Amino acid sequence: MEVQHSDESSHDSLEEIEDISDSGSDFEVQLKAMKRRKQTTALLGPRPPKRPRRKAASQASPNPSTTSTQQARSPQPPQPSLGRTRQLGSPRRERERMGNQGMSAGDMYEAVRSGKSAMVAVVDEWLDSYKKDRDAGLLELINFVVQCCGCKGVVSREMFDGMQNAEIISTLTKEFNEDSVNYPLCSPGPQWRKFRASMCEFMQVLVRSCQNSFLYDEYLFSALLALLTGLSDSQVRAFRHTSTLIAMKLMTGIVEVAVMVFAQIKTTQRRYDAERSKSAEHRASERLEELQATISELREHQEELSSMMNATFRGVFVHRYRDRVAEIRAVCIEEMGVWLRENPGDFLNDGYLKYLGWTLHDKQGSVRLQCVRALQGLYKEKDLVGRLELFTSRFKERMLCMVLDKDPDVAVEAVQLLLLLQQRTEEGLSEEECSHVYPLVFASRRGLASAAGAFLYHKLCSAMSSEPQEVDMGSRRAAFFNLLVSFYIQSEFHEHGAYLVDSLWGVAGAELRDWDTMTSLLVQEADQGRGLVDEEEGALIELMMCAVRQAAEGHPPVGRAQAKKILSMKDKKTQVQDKRRITTHFITLLPQLLAKYSADVEKVTCLLKAPLHFDLETYSSTGRLEKYLDLLLAQVCGIVEKHTESGVLEACARVACALSHDKYTFSGRADLVVSQLLDSLTDRFSSHLNELLQGTADEDEVYSAATALTRIAAFSSVAKDLTSWKLFEPCFQLLKSGVESRDIDKELMVPALKCAAFHVLWEKVRVANSTPTKAEVKRLKKEVRSFCIVCQSCLSVGQPEIRDQAFELLCDMLLLFGVSSVRSQPTLQPLAHPPSDSLRFDMAAFLLDYVFTEPDDDQLSGEAEGVEEVKMATLQRRRNQLAGYCKLVIYGILDLSTATDVFKYYSKFYKDYGDIIKETLSKTKMISPVQSAKTVCLSLQQLFSALAPECVGGGQEFGEIRELAKRLAMSFGIDLHRIRKPLVSLHMDGIRFALREAAEVEQPPNLPFLEILSEFSFKLLRQDRAQLSAFLSAECGSAAPSWPSLRMYQRSLQSGSSNPREDGERSTTLSPHSTPAAKRRRTTPQGSVSSASRGPWLDSSSIHSNVATPGLTSTVQRQPSKHLPVTHNTQASTPGSDKGSIISEPESDDDFSEGSLQRKVEPRRRSKLPIAQASPSSGHCDLESHLTMLSLIEEDEDDEVEEEEPEIEDFESDDSDHDTDFTLPSTRRSTSYLEELFQ
């Protein structure tokens, strides 16, 4: 076969070479020293011609030019020196030689690059020139391939006639353009976007055009595939990538032709059998002979196609599916999927499926993606599923793990693949296996969640398939919702109903918009046998309201918002229609549902969200709907009277305020109802006020006044201006009385604080939007001052609810009435209320006593079941309080120095408040970098001063301060030039503090503080270290005593290290500003350079990395070859070795055992060959001696042709795709938590 001859020729013409090169670029190659083995040549005689098929074809159809060329080429051995045969012809010379014979390589390349020409016409024109002179036509096709690779070299006629493929490739390699790393397949820009598709189309059209003629001439495709096989083994990525893609596309076309030939053989054989079965008198002998001849010819064609497919598979695919470049591996796997699907008779067996199984573990997501898509194409065909049973059993576990792949696209395709497994295979997936996919409906990535939603929807529909087909649609929808509610309850993600609805929206949108079925299920009673229990009703109400929101707003919930979501006209029209249908349906039924569930807090709170998505203009469209408005308002007022929970009261307030908006014609009616409700609540509170102030109120009166205030506060906090009710004075009197008497009722004090605070805030809004009088401004200023005083008094009360509410309201009040907040509005400037010194002290004490402390165990021990919920609520409340205090610092209400009370606990409470403190540090650096650094130093000084004398210089507490200093030092960032001034100021303050009283005592008491300060030294530049060293000497005095802490700090300034044991190692470290960074790490071959000559950079760097080089599962890099004497053993030269590969091809099925696949792989990088290591015989070589002679890799058929069809072995991998689990998004916030805290 062609591969055999080429392999033998390669052995005869090329010497064994040492693989010691590794270039930093894909285009860097090195020429290795080569010698002709004259003795072998003399013994074996002249080597056989390079292209035996072309020789045979030439003899069959003699041509004067080709005959003379072959006579001149055949008996003579090649020239001994490669430099003498390196002759490149220019494109102009080649076109002049071609004359008017047909389309040139440049014309074909331009047609493919532009993408404007029909590929059929381009191929036909080239075939016309090929028919005239096939050598010239093939030469143009070869040059076309070379141009597609991005190479500027041209294969001349002399090179074509007198060189082997390996020599041609080597010559082209030297002429390759190394100015840019881009080549046509990877070049950016719009002109290259269609290049790949056009080139692939050209190759497919070429195969189709030649399927009845030149495909079997044993010349064109044999020579082309041989050249592509050699190019695919090149060290130049452009050659390897382009030739692999072309070879794979050619093989795909050949596979399609092979399928057609097989079908023709079956058809012709059937005709032959039918003719032969006739009786002798009716049988046509000539017809039989003709059919027999056709069958023989088709079988010859089939054998020829099988030979080409086998040579391409073994010569290109087997080596390139494990190439180090992910794009090349992806190309191979993509085309493999096409072969398996188009020609399952030849390819769908374990010998080929094993490559897909192994590639499922590839390290690159793009390769895994093509592998999963290839498997999807197989499982979609019902006829092929039965032949995939072994593969499914071996690799199902890996498919299940891939739903948590790092690459979101791979995870989505993996879920779709599992859905095909569930639908197509008989055994499907067990419930345990399905549990891998179910939680993904709550994932934050919408694509993955939608795929999981489709999987869940299929499971729900398959569970309903057991019901009789004659069941009406309403019953089937009811059964669907029963199953969905059961799944939602069992999933235990009850706060994420919106994400479950969004996951199912694409496949179950019709069911989720079936408001009739959902409301009918809610209206039914449980005693009817078909009704829902209480838990199921709550879950259905939540899912129904989530579906209402999704339909009315037309966008996914928070956390799944797409990067760009602009509703199209069709989507907007659908949204309007859905909103109209929601309004029409729920206007009449919502009062009924509210009446049924008015006693249930969770259900009624959820149902009250529905009016916010109504088209409220519908109420005024017809007179008959106004009664439903009255019913809704009546239900809202009734719910307010029944409940005191803040959630349901705020929901009622939102509905009431929405209905009272001025833009609606019925707003007067709604506003009247709300005003009457507030009047009754105010009257109830006022009726008990005197008794409350005098202390004579009983429990019922206290409870009635407290519930009234709670309901009023809920309306005031949402969007209702209640200043006309004049509630500040009675609330302030109540608060003052409670603080003075210390007889405080939290149920009364907390709503009183809220009512007073919101009254002040609404007054500020009114003053800002009008022209107030001096009396009004003076009164509001007095109210602000009075409220802040009473809140300050509440900070010291014993009841945590009052204390926490007072602190939060105080932070908001100081921020809104701070100097920076009212500066822009002249009318508000007199209202500025800066905090007093006592207030600053009390707020800082509150942080120390109630925020930076562990949770009180006494509060948590009472509830065994809800301990975690109480802990989370407590932590959330404390985070809000800390964020409120930090905002006062950031907005200038408090001095930056007050942030020391926060920075001191950065390390100790990093788990709970680390993100808030880090954001505060960042904001303070933006405000004043120097002052922020001084504040950091002050924080450390305060902690150091609080240490006991025996702990100074050692002990656990001192170590904690050093750990805090390390963490604070890392917050300064990596831009050393930008932080020069802040760091120098920090060090100078620290030196002054440490050497205070240095002249008065023998050893300053704060001297160990220098050890803490040394943690910041590694951020200093060299010139700043010298400056600080001089400053330190000046502060120490002329004696400059040798105190241990002082010596440690001095060494840190000299080397940038705070650890004395590291000083010796880092003394030789080069400055990062004087050492240029290498583009790529290079390793020297074994035995070439001693380890001591590597330099101290990696060993003595101040930043050590313990991260190991990741192993590649899909490919294994070859170890660098050792420098061994060149021998004449032919086995030492491996023609099948892979340049650019990452793993070696196994020789047998045993090589794929679990042990061999789990072995550790040592990565190898190519490095330039040192001149001192060059062979003595290569001293006369010029630039070519520094390039690599690339050899043609063509598999020896004798080694692999006997390979039997192996069973699929398990491929174990350490790939940690599942490490990145799905994340559950938050349903409460539209922005990140930090952004919300600091806004």
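Throughout what follows, the structure given in this document is the object of discussion. Note that this is a predicted model, so its numbers are computed, not measured.

Reading guide: rules and limits
Residues numbered from 1 in each chain as written. Predicted model: local features only at pLDDT ≥ 70, side-chain atom pairs only at ≥ 80, totals over all residues. Heavy atoms only, no water. Helix = DSSP H or I, 4+ residues; strand = E, 2+ residues; numbered from the N terminus. Buried < 20%, exposed > 50% of the residue type's maximum accessible area, 1.4 Å probe, protein only. Contact = heavy atoms within 4.5 Å. Areas by Shrake-Rupley, 256 points an atom, 1.4 Å probe, with all protein chains shown as cover. Salt bridge = Lys/Arg side-chain N within 4 Å of Asp/Glu carboxyl O. Core = buried A, V, L, I, M, F, W, Y, C linked by side-chain atoms within 4.5 Å. Patch = residues over 30% accessible without salt bridge, like charges linked within 9 Å, V, L, I, M, F, W, Y side chains within 5 Å. Lys, Arg positive; Asp, Glu negative; His and termini not counted. Charge placed at Lys NZ, Arg CZ, Asp CG, Glu CD. Phe/Tyr/Trp six-rings, centres within 6.5 Å; stacked < 30°, edge-to-face > 60°. Disulfide = S-S within 2.5 Å. Polar contact = N/O pair within 3.5 Å; in protein donor to acceptor, adjacent residues only side chain to side chain. Axes fitted to C-alpha atoms, helices over the stretch in contact; angles between N-to-C directions. Parallel < 35°, antiparallel > 145°, perpendicular 65-115°, else oblique. Left-handed = near helix turned anticlockwise from the far one by under 90°. Nonpolar A, V, L, I, M, F, W, Y, C, P; charged D, E, K, R; others polar.

### Describing the overall build of the protein chain
When helices and strands are tallied, the protein chain shows 56 helices and zero strands. Classification of the 1239 residues of the protein chain by burial places 49% in the buried group. Sequence-distant contacts in the protein chain: of pairs separated by 6 or more residues, those separated by 24 or more amount to 77%. Only carbon and sulfur atoms are counted for the fraction: they give 49% of the accessible area of the protein chain, which is about 59400 Å².

### Considerations on the pattern of salt bridges
A side chain of one charge can pair with a side chain of the opposite charge if their charged atoms are brought near each other. Tallying each qualifying case throughout the model produces 45 salt bridges. Ionic pairing is found between D578 and R581, a salt bridge with its closest N-O pair at 4.0 Å. Of the two residues, D578 and R581 are both situated in helix α29 (residues 569-596); the distance of three residues between them amounts to about one turn of the helix. Look at D578 and you get buried, because its relative accessible area is 6%. The class for R581 is partly exposed, based on a relative accessible area of 41%. In this structure, D989 and K934 form a salt bridge, with 3.0 Å as the shortest nitrogen-oxygen distance. With D989 in helix α48 (residues 980-994) and K934 in helix α46 (residues 929-945), this residue pair connects regions lying 55 residues apart in the sequence.

### Re the nonpolar core
Judged by nonpolar contacts, the single largest core of 327 residues is most densely connected at F144 and L356. If you tally residues by element for this core, the top one is helix α13 (residues 237-276), at 14 residues.

### Remarks on a negative patch on the surface
There is a patch of like negative charges on the surface, built from D107, D124, E125 and D128. Considering every element that reaches the negative patch, the biggest residue donor is helix α7 (residues 119-132), with three residues. Within the secondary structure, E125 is located in helix α7.

### Focus on the packing of aromatic side chains
Under the definition given, this model contains 37 aromatic pairs. Aromatic side chains F944 and F993 sit 6.1 Å apart centroid to centroid with 80° between the ring planes, which places their arrangement in the edge-to-face category. Residue F944 is located in helix α46, and its partner F993 is located in helix α48; the two are separated by 49 residues in the primary sequence. Note on F944: relative accessible area 3%, which makes it buried. These aromatic residues form a ring-pair network of at least three members: F313, F317, Y321, W339, F347, Y352, Y355 and W358.

### A closer look at the state of the cysteines
A full pass over the atoms with the stated rule returns zero disulfides. The thiol of C637 is not disulfide-bonded; the next cysteine sulfur, from C652, is found 8.5 Å away. C811 supplies the cysteine sulfur nearest to C886, a cysteine that is in no disulfide, at a spacing of 9.5 Å.

### Observations regarding unusual backbone geometry
We note that E218 has phi near 60°; this positive angle belongs to a residue other than glycine. Relative to the elements of secondary structure, E218 occurs in the loop between α11 (195-209) and α12 (220-231). Overall, the relative accessible area of 32% leaves E218 in the partly exposed class. Residue K726 is not a glycine yet carries a positive backbone phi of 55°. Its location among the elements puts K726 in the loop between α35 (699-718) and α36 (728-741).

### A word on the environment of R368
Examined against the element boundaries, R368 turns out to sit in helix α18 (residues 365-379). Judged by its relative accessible area of 2%, R368 falls in the buried class. A polar contact is formed between the side chain of R368 and the backbone oxygen of K363, at a distance of 3.1 Å.

### Quick word on the packing of helix α41 (residues 837-851) against helix α43 (residues 867-890)
Contact geometry for α41 and α43: axes closest at 11 Å, N-to-C directions at 155°. One element, α41, and the other, α43, form an angle in the roughly antiparallel class. The crossing of α41 and α43 is left-handed. Facing α41, whose interface residues are M843, A844, F846, L847, Y850 and V851, α43 presents R878, Q881, L882, Y885 and L888. Across the contact of α41 with α43, the residue classes break down as nine nonpolar, one polar and one charged.

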